[in-house]
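This is what each chain is made of:
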Amino acid sequence: MTTEPAAGAVSPRLRRERQAALYRRAMESLPGGTDSNFRAWGEDTIYVDRGKGGTVWDIDGNEYIDLRMGYGPVILGHGDDRVDDYVNERMRKGVSFSLTSEDEVRTIELIKELTGWVQKARMTVSGTEATMHAMRVARAYTGRTKIVKFEGQYHGVHDYALISVTPNNMAELGDEENPVGLAWGRGIPEEVSRTMIPARYNAMDVLRRIFERDGDNIAAVIIEPVLGNAQAIMPQPGFHEAIRALTKEFGTVLIYDEVKTGFRFARGGAAEFFGVTPDLATFAKAMGNGYPAAAFGGSEEVMSVLPDHVSHGGTYAGNRVAAAAAVKTLTIIKETDALEKIHATGRRVQGGLAEILNEKGLAHTFTGHPSMFGIYFAETAPTEYRDWATSDHDLYDAIAIGMHVRGAMPEPDSREPWFLCEAHASGDYVDRIVSIFGDSLDAALDARARGETAPAPKD
């Protein structure tokens, strides 16, 4: 990592000259200086140059072990030659025809083979589009209007998804027994938000009461099988089975949002991992190793509303680049031990972090799965989004920011889990991650003892 010491300070400091200049330039043209609110970190916004394997470099030459992996898509590693070579070969034949290629067909065949339960599916470009189309299919199939989603879960940025996502003040979510639909940001019509019913993750009694009140008008329950937008909080034993039974009882479609968990927790995603079969699922991220590939699909019966009764399309849906990337990535996941390597690497990282935290006597829990996990500082493990407020997330954020200047990059917000890729299994990645975490933890605790606070991450 290229660093220079700050005057009179012991800790390292990132070079920022070129990025500071590009930030000022970008602010003249892009709101927040980026193409996504989630990348806008004010004057600390990072402008990337390149990535390879488990490492990225910014335009000032600072090197980081990447623990964000683009929020999860890069399952194999940046610039994976196997995927890129296949994509380059295929794209030379043309990219976008609004006609169907064999790679599109093979992508869906691979999704069917890997999941074992998906019977029909279609490609789209992003996870946002996938969840939007899945909700529409569920409404069309059932003839109902309302959809239940869980607090703290993120299903993309269309209007129906941006309800009760990431408030810092848990009081804004309403009473625990009767959560309110909290729109995330302006511009979402109240009529749209009223079609979404928020529920509490892992609170089956609340979900049962919602169904007893509104079940006849609930088209679907959409759920991230783990609470991926809040440290990957895991379900309590029996939670998914109970949801599956409840949705069948009321004739409601169960949608698994596997945009994060799909082809990461297991070859068949979280549905395989938890042993529960939904009616529909959405996939993206890991299915293309960073290329913009996504899909939604499910049982033949539910998907039968397409193509005659439901609108779905997209100029870039199934484009040659995305389809080729999906074919190669899913084939690698199917035919190699890539996932086993990732899972083993995650367990090694967690073991090293646990040793450091236990030596410090810090209460903690690893949430989620070894391939996608959070570090939760509290005496008891979380079960829902509201628990995040009771954790020492300020300590986590300080550690994460400290890791950046030492050469590793987790998201500087405790709600976002660490993501690992196959490339992290090679070389000395694990030892370096653990060492950087340990040094950053020491610095954060020393700063806290002096009454100092780390700068808050930007929304």
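Residues numbered from 1 in each chain as written. Predicted model: local features only at pLDDT ≥ 70, side-chain atom pairs only at ≥ 80, totals over all residues. Heavy atoms only, no water.

Undergrad: Let's hear about empty space enclosed by the protein: which residues, and what values?
TA: Leftover empty space is mapped by rolling, across the atoms, a probe with the size of a water molecule. Under the counting rule described, the total for this entry stands at one cavity of 30 Å³ or more. Forming the boundary of the largest cavity are 13 residues, of which Val95, Leu99, Glu104, Gly318 and Asn319 lie nearest the centre. Each residue belonging to the lining of the largest cavity can be placed in one class, and the counts come to five nonpolar, six polar and two charged. (1 Å grid on protein atoms, 1.4 Å probe; cavity = no way out; pocket = protein on both sides within 12 Å on 5 of 7 lines; lining within 4 Å. Points joined across faces, edges and corners; volume = space filled by probe spheres on them. Nonpolar A, V, L, I, M, F, W, Y, C, P; charged D, E, K, R; others polar.)

Undergrad: I'd love a proper account of the pattern of salt bridges, names of residues and values included.
TA: Counted under the stated rule, the structure contains 30 salt bridges. A salt bridge links Arg50 to Asp49, with the nearest nitrogen and oxygen atoms 3.0 Å apart. Looking at Arg50, the relative accessible area reads 44%, which means it is partly exposed. The shortest N-O distance in the salt bridge between Arg450 and Glu452 comes to 3.1 Å. Put simply, Asp80, Arg82, Asp337, Lys341 and Glu422 are held in one network by salt bridges that share partners. (Salt bridge = Lys/Arg side-chain N within 4 Å of Asp/Glu carboxyl O. Buried < 20%, exposed > 50% of the residue type's maximum accessible area, 1.4 Å probe, protein only.)

Undergrad: Please give an account of the pairing of strand 3 (residues 48-52) that cites residues and values.
TA: Both strand 3 and strand 4 (residues 55-58) contribute to a ladder of four bridges, which runs antiparallel. The residue bridging Gly51 from the neighbouring strand is Val56, located in strand 4. Counted along the chain from strand 3 to the antiparallel partner strand 4, the turn is two residues long, and its residue Gly53 has a positive phi close to 65 degrees. (Pairing = 2+ DSSP bridges. Helix = DSSP H or I, 4+ residues; strand = E, 2+ residues; numbered from the N terminus.)

Undergrad: Describe helix 12 (residues 393-406), naming the residues involved and giving the relevant values.
TA: In an α-helix, one turn spans 3.6 residues; hence positions three or four apart end up facing the same way. Between its first and last C-alpha, helix 12 extends 20 Å over 14 residues, near the 20 Å set by a 1.5 Å rise per residue. Of all 14 residues making up helix 12, 11 are buried, and the element is well covered by its neighbours. Taken together, the buried positions of helix 12 are occupied by His393, Leu395, Tyr396, Asp397, Ala398, Ile399, Ala400, Gly402, Met403, His404 and Val405. Positive backbone phi, approximately 110 degrees, marks Gly407, located one or two places after helix 12. (Expected span 1.5 Å × (residues − 1).)

Undergrad: Summarise the sheet that holds strand 4; cite the residues concerned and give the values.
TA: Taken together, four strands build an open sheet; the order of strands is 3-4-5-17 and the sheet is mixed. Each edge of the sheet is formed by a strand with only one pairing partner; in this case those strands are strand 3 and strand 17 (408-409). Bridge analysis of strand 4 against strand 5 (residues 63-66) gives three bridges, and the strand direction is antiparallel. The residue bridging Thr55 from the neighbouring strand is Ile65, located in strand 5. Lying on the sheet, helix 13 (residues 429-449) is in contact with strand 3, strand 4, strand 5 and strand 17; it crosses strand 5 at an angle near 105 degrees. (Contact = heavy atoms within 4.5 Å. Axes fitted to C-alpha atoms, helices over the stretch in contact; angles between N-to-C directions.)

Undergrad: So what about the sheet that holds strand 18 (residues 418-419)? Which residues, and what values?
TA: A sheet is described by the order of its strands in space; here three strands give the open sequence 15-16-18, paired in antiparallel fashion. Among the strands making up the open sheet, the edge pair consists of strand 15 (365-369) and strand 18. Relative to strand 18, strand 16 (residues 372-376) runs antiparallel, the two sharing two bridges. Opposite Phe373, over in strand 18, you have Trp418 as the bridge partner. Contacts from helix 11 (residues 338-360) reach strand 15, strand 16 and strand 18, with the element oriented near 10 degrees to strand 16.

Undergrad: I'd like a description of the packing of aromatic side chains, backed by residues and values.
TA: Inspection of the entire model under this criterion finds 13 aromatic pairs. A ring pair is formed by Phe373 and Trp418, whose centres lie 5.6 Å apart and whose planes are at 40 degrees; its orientation type is tilted. Remark: Trp418 occurs in strand 18 and Phe373 occurs in strand 16; sequence separation between them is 45 residues. Grouping residues by exposure puts Phe373 and Trp418 together as buried. Ring centres 6.3 Å apart and planes at 5 degrees place the aromatic pair Tyr385 and Trp388 in the stacked group. (Phe/Tyr/Trp six-rings, centres within 6.5 Å; stacked < 30°, edge-to-face > 60°.)

Undergrad: Give a detailed account of the pairing of strand 15, specifying residues and quantitative values.
TA: Pairing geometry for strand 15 and strand 16, over five bridges, is antiparallel. By the bridge assignment, Phe366 is partnered in strand 16 with Ile375. Hairpin connection between strand 15 and strand 16: a loop of two residues separates the two successive antiparallel strands.

Distances and angles like these do not, on their own, reveal function.
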